[in-house]
Amino acid sequence: MHYNNIAFIGFGLIGGSIARAIRKYKPESKIYAYANNTSQLLKGKNDGVIDIILKEIDDSLTECDIIFLCAPVEFNEEYLAKIKPFIRKDSIITDVGSTKSSIHNLAKELDLDDIFIGGHPMAGSEKTGYEASDALLLENAYYMITPSSKTCNKKLEALKSIIEMIKSIPFIIDYQKHDKVVATVSHLPHILAATLVNLVKDNDYEDEVMKRVAAGGFKDITRIASASPIMWEQICIVNAEPIDAMLLKYIDMLKEVHSQLTSRSGIYINNMFEKSGEYRNSFDSNSRGVLISKHDISVHIQDKPGAISIISAILAANSISIKNIGINHNREKGEGALNISFYDADSCEMASKLLKEYNYRVI
Ligand SMILES: NC(=O)c1ccc[n+]([C@@H]2O[C@H](COP(=O)([O-])OP(=O)(O)OC[C@H]3O[C@@H](n4cnc5c(N)ncnc54)[C@H](O)[C@@H]3O)[C@@H](O)[C@H]2O)c1
Ligand SMILES: O=C(O)C(=O)C[C@]1(C(=O)O)C=C[C@@H](O)C=C1
């Protein structure tokens, strides 16, 4: 089995990024795509990423060796049921959804648990749509795989090799554990970011001074508040139980901070930051090449020799001094493969603008 014919149901940020990477690393693949957004599909076809636009869910899917479900999580479940009549027994259905138990339960109900293998790349962006997709988006990122008890080794190895081909790092995990992990490190943080932004909106002065002066700290912690409402509505509802369990623990922590603040316990606050700083810094020391700076950018580049020199030549030619530069091999820590830090905000802003003009994806 060569897994040459690959279909995407949903073709936005993640579907588009995987398809672009497959086209890049295995150009002979035949890529089929279906979505409810024709303009994204036409762009994909124009870019040479898609070979065949599927107008319907029909027996064209029988030609496909692997099908990626890449719509918001509840729609992925709807499509799992819809595609069932057209799927060959020896093919693989996988998904990229941020929740796993619910779709695994459905696969079992539909008697598809020998065909369906869950997947979830741990990289992304607050942006949506094929326009924001990038062949390098998932490079060096963990890509969680949740097999079922009926997954055969051959299919698991095939999926792993596709994930490795697109330069992600396969990470096998039980699907129930997956949902608890991401509830804590991804879903709850999105809720916190959204509520924090809404707190400012609801409490700002008439002249919107809070919005105006909000600086690095606020922006760092709230980038993901701009994420897709429909995608996050579905993630939160489908994974409500583990999210809610962590949310309650978090509320207890905040209540404790409230009580310690009321009694003006500086030592409590000090210890809180001491503990969090130590742990957070241990994340950084585990990742190679990651820089910590107030004036830094992440640039999506290929993780290969020569890539850094092109960027540094562009910046040098424009008299922008680099403080530090390094490949981030461990994408679970940052978004781009290359981290560059600058001495001041102006240089950082100029560099970002310049590299975008050269068509680099800069975050
Ligand atoms: N955005 C991230 O950071 C991220 C990271 C990892 C996984 N995911 C998961 O990936 C999936 C897709 O997210 P995305 O960021 O690519 O979103 P997106 O909005 O960029 O893309 C969604 C795609 O699904 C299509 N779609 C939406 N509703 C549809 C429907 N009813 N029928 C057919 N097509 C439909 C859209 O047209 C679009 O092509 C989600 O399940 C999400 O949980 C997202
Ligand atoms: O970097 C971001 O913008 C993301 O939100 C990516 C992110 C996350 O880290 O929470 C979002 C959802 C996913 O399911 C996986 C990754």
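From a predicted model like this one, the values you see are computed outputs, not experimental measurements. (Residues numbered from 1 in each chain as written. Chains lettered and ligands numbered in written order. Predicted model: local features only at pLDDT ≥ 70, side-chain atom pairs only at ≥ 80, totals over all residues. Heavy atoms only, no water.)

**Section: unusual backbone geometry**
Next, step 1: Within the chain, Arg-264 stands out as a residue other than glycine whose phi angle is a positive 50°.
Next, step 2: Relative accessible area serves as the criterion here: at 70%, Arg-264 is assigned to the exposed category.
Next, step 3: Phi at Ser-319 is positive, roughly 55°, even though this residue is not glycine.
Next, step 4: As for its position among the elements, Ser-319 is in the loop between α12 (307-317) and β10 (322-327).
Next, step 5: Here Ser-319 falls in the exposed class, since its relative accessible area comes to 67%. (Buried < 20%, exposed > 50% of the residue type's maximum accessible area, 1.4 Å probe, protein only. Helix = DSSP H or I, 4+ residues; strand = E, 2+ residues; numbered from the N terminus.)

**Comments concerning the domain arrangement of the protein chain**
When the parts come together, some accessible area is lost, and that loss is often what is quoted as the size of the interface.
Next, step 1: In terms of domain boundaries, the protein chain breaks down into domain 1 (5-173), domain 2 (178-260) and domain 3 (296-362).
Next, step 2: Placing the centre of domain 1 and that of domain 3 at their C-alpha centroids yields a distance of 30 Å. (Domains from an automatic or database assignment.)

**Looking at helix α10 (residues 240-262)**
Next, step 1: Taking 1.5 Å per residue as the helical rise, α10 with its 23 residues ought to reach 33 Å, and the 32 Å between its terminal C-alpha atoms agrees with that figure.
Next, step 2: For α10, every residue scored as buried is listed here: Ile-243, Val-257 and Gln-260.
Next, step 3: Within two residues after α10, Arg-264 carries a phi angle of roughly 50°, on the positive side. (Expected span 1.5 Å × (residues − 1).)

**As for the packing of aromatic side chains**
Next, step 1: With the rule as written, the count across this model stands at 6 aromatic pairs.
Next, step 2: Between Phe-8 and Phe-11 the ring centres are 5.9 Å apart and the planes differ by 75°, which places this aromatic pair in the edge-to-face class.
Next, step 3: A ring pair is formed by Tyr-34 and Tyr-79, whose centres lie 5.8 Å apart and whose planes are at 65°; its orientation type is edge-to-face. Taken together, the residues span a long stretch of sequence, with Tyr-34 in strand β2 (residues 30-34) and Tyr-79 in helix α3 (residues 73-83) at a distance of 45 residues. Across the pair, exposure class does not vary: Tyr-34 and Tyr-79 are buried alike. (Phe/Tyr/Trp six-rings, centres within 6.5 Å; stacked < 30°, edge-to-face > 60°.)

**Examining the pattern of salt bridges**
Next, step 1: On inspection of all chains with the given rule, the structure shows 11 salt bridges.
Next, step 2: The partner of Lys-43 in a salt bridge is Glu-131, with the nearest N and O atoms 2.7 Å apart. Highlighted residues: Lys-43 in helix α2 (residues 38-46) and Glu-131 in the loop between β6 (116-121) and β7 (142-146), separated in sequence by 88 residues.
Next, step 3: Notably, a salt bridge pairs Asp-114 with Lys-89, separated by 3.0 Å at the nearest N-O pair. Remark: Lys-89 occurs in the loop between α3 and β5 (92-95) and Asp-114 occurs in the loop between α4 (101-109) and β6; sequence separation between them is 25 residues.
Next, step 4: The class for Lys-89 is exposed, based on a relative accessible area of 54%.
Next, step 5: The structure contains a network of salt bridges with shared partners spanning Asp-65, Arg-88 and Asp-90. (Salt bridge = Lys/Arg side-chain N within 4 Å of Asp/Glu carboxyl O.)

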